Amino acid sequence: MPIYLAYQSVNGCERGKGGVPVRRRLALVDVTLACFLLLFVAALTACQRPPPEHHETLFVFGTLVEFTVLGVAPEKAAAAIRQVDERFQRMHREWHAWKPGGALVSLNAALANGETTTVDDFLLPLLEQSKRLYAQSDGLFNPAIGALIDLWGFHSDELPPGPPPQQEQIQALLDQHPGMDDLKIDGTQVSSATRVVQLDLGGFAKGYAMNDAITTLRAQGIENAIVNAGGDLCVAGRHDDRPWRIGVRHPQGWGVLAAIEVADGECVLTSGNYERYREHEGKRYAHILDPRTGWPVDHVASATVIHIDGGIADAAATALTVAGPADWQRIARQMGLEYVMLVDETGTVYMSPAMAGRVEFEGTIPERVVVGDGL
Ligand code: ADP
Ligand code: MG
């Protein structure tokens, strides 16, 4: 997952010289000069003070979400972040794949019973967008495989020890071909052609949420901010006089692989094998499944996508993790992506030319970098 590297820039003014000492006697008669000097001093002092930078961290979606907001009073920033937090809490509750009480769990129960049910407009756009992303990714991004994800034990805060599920259990679910094309959306009415469809938005919702947070902050008059959920992030505006600059974590180890400048409105999302997995007899089984085999992906270590739509970036990063070095360019093209980077288990980096133009490797340069043909 990427980590955020803050720039320490000072908005075109030099920092650290303290206030401007002005000790002048003003003739009471010369009010005009006094006013002029006061304004002049105020302007200089403002220039020497760094712009307000407000930091806050929330715990939601099982991770820490860090906010950095620039250029507004701390109270204004805090109030805007409270609004984001309310929406985040609602998303967490309503879109959770297994904790009871939310809209997605209710929808899944209805689908398992073969029922048609009404879905509210908070969840509906995610279903519609997920169907499109499923089609564009040739089903590699497949949020309809909730039953498989559950079979692997990933619908739990504590991942199960022990061997993977039996191949017959996996095959029994695969034989029923759960896919988003089974999901029928008619206005607000949702049903499924097959009862095996169980929705899990874990590969998509976080990016959607980061994007939504930026929209909420902008609506509150905040022009420059970064929202960073454990490395998955979206930005608004700039960091003072330069673009936001972030670091993509190296999938092997904890160092930074590369730095990327992120433009106003862009999101950077990374999916990785290394973040959440179960382990048995020294073998790791990651939480990203290949919907074609029902088994965890093990050929890619991480996939990073930059896109102005956080939900698309998140779903695409998941799909490209599944696609792997053999198929990433085709899937990226189909999904209309421009900025893509994959790192495989040997440390080889694959990038689209547009991404290669933006990535600056940090520390050890990867031994092998493959730049694709263009998307
Ligand atoms: P991360 O959560 O580490 O950012 P992803 O964005 O790839 O990684 O999301 C992984 C989650 O997506 C899994 O925990 C699971 O809920 C869901 N998932 C797993 N495999 C797929 C898949 N092939 N398509 C869609 N969602 C998936
Ligand atoms: Mg994802």
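Quick note: structure is the one above.
Residues numbered from 1 in each chain as written. Chains lettered and ligands numbered in written order. Predicted model: local features only at pLDDT ≥ 70, side-chain atom pairs only at ≥ 80, totals over all residues. Heavy atoms only, no water.

**Q** For this particular structure, what's the right way to read the site of ligand 1?
**A** Near ligand 1 you find 21 residues, and of these Asn-142, Ser-271, His-287, Leu-289 and Thr-318 are the closest. Between ligand 1 and Gly-203, the relevant distance is 3.0 Å, taken from an oxygen atom to a main-chain nitrogen or oxygen of the residue. Side-chain polar atom of His-287 to an oxygen atom of ligand 1: 2.8 Å apart, as the coordinates give it. Its free accessible area being 570 Å², ligand 1 has 94% of it covered by the protein chains. For ligand 1, the cavity whose grid points lie within 2 Å of the majority of its atoms is the largest pocket. Of all elements in the fold, only strand E11 (267-272) and helix H8 (310-334) reach the threshold of two or more residues within the shell around ligand 1. Ranked by the residues each element gives to the shell around ligand 1, the list is headed by H8, at three residues. Grouping the constituent residues of the shell around ligand 1 by class yields ten nonpolar, seven polar and four charged. Here the shell around ligand 1 spans two domains, since at least three of its residues come from each of domain 2 (96-192) and domain 3 (243-371). (Near = heavy atom within 4 Å. Polar contact = N/O pair within 3.5 Å; in protein donor to acceptor, adjacent residues only side chain to side chain. Areas by Shrake-Rupley, 256 points an atom, 1.4 Å probe, with all protein chains shown as cover. 1 Å grid on protein atoms, 1.4 Å probe; cavity = no way out; pocket = protein on both sides within 12 Å on 5 of 7 lines; lining within 4 Å. Sits in = over half its atoms within 2 Å of the grid points. Helix = DSSP H or I, 4+ residues; strand = E, 2+ residues; numbered from the N terminus. Nonpolar A, V, L, I, M, F, W, Y, C, P; charged D, E, K, R; others polar. Domains from an automatic or database assignment.)

**Q** Can you help me understand the sheet that holds strand E6 (residues 189-192) in this one?
**A** With antiparallel pairing, the three strands of this open sheet are ordered in space as E4-E6-E5. Strands with a single pairing partner mark the edges of an open sheet, and in this sheet they are strand E4 (117-118) and strand E5 (183-186). As defined by bridge partners, E5 adjoins E6 across four bridges and the pair is classed as antiparallel. By the bridge assignment for E6, Asp-186 is matched with Gln-189. Along the sheet face, helix H3 (residues 103-112) touches E4, E5 and E6 and points at about 50° away from the line of E6. On top of the sheet, helix H4 (residues 124-136) reaches E5 and E6; it is set at about 130° to E5, its chief contact. (Pairing = 2+ DSSP bridges. Contact = heavy atoms within 4.5 Å. Axes fitted to C-alpha atoms, helices over the stretch in contact; angles between N-to-C directions.)

**Q** Where do I start with the layout of surface pockets in this structure?
**A** Any empty space left between atoms is shown by rolling a water-sized probe over those atoms. Taken as a whole, the largest pocket encloses approximately 1200 Å³ of empty space. Mapped onto the lining of the largest pocket, the elements with two or more residues apiece are helix H2 (74-94), helix H7 (205-219), E11 and H8. Within the lining of the largest pocket, the residues separate by chemical class into 21 nonpolar, 14 polar and eight charged. Residues lining the lining of the largest pocket come from more than one domain, with at least three contributed by each of domain 2 (96-192) and domain 3 (243-371). In this structure, the second largest pocket encloses a volume near 230 Å³. In terms of lining residues, the second largest pocket is bounded by 13 residues, among which Asn-273, Tyr-274, Arg-284, Asp-298 and Val-300 are the most central. Where the lining of the second largest pocket is concerned, the elements lending two or more residues are strand E13 (283-286) and strand E16 (300-307). With four residues, E13 is the largest single contributor of residues to the lining of the second largest pocket. (Points joined across faces, edges and corners; volume = space filled by probe spheres on them.)

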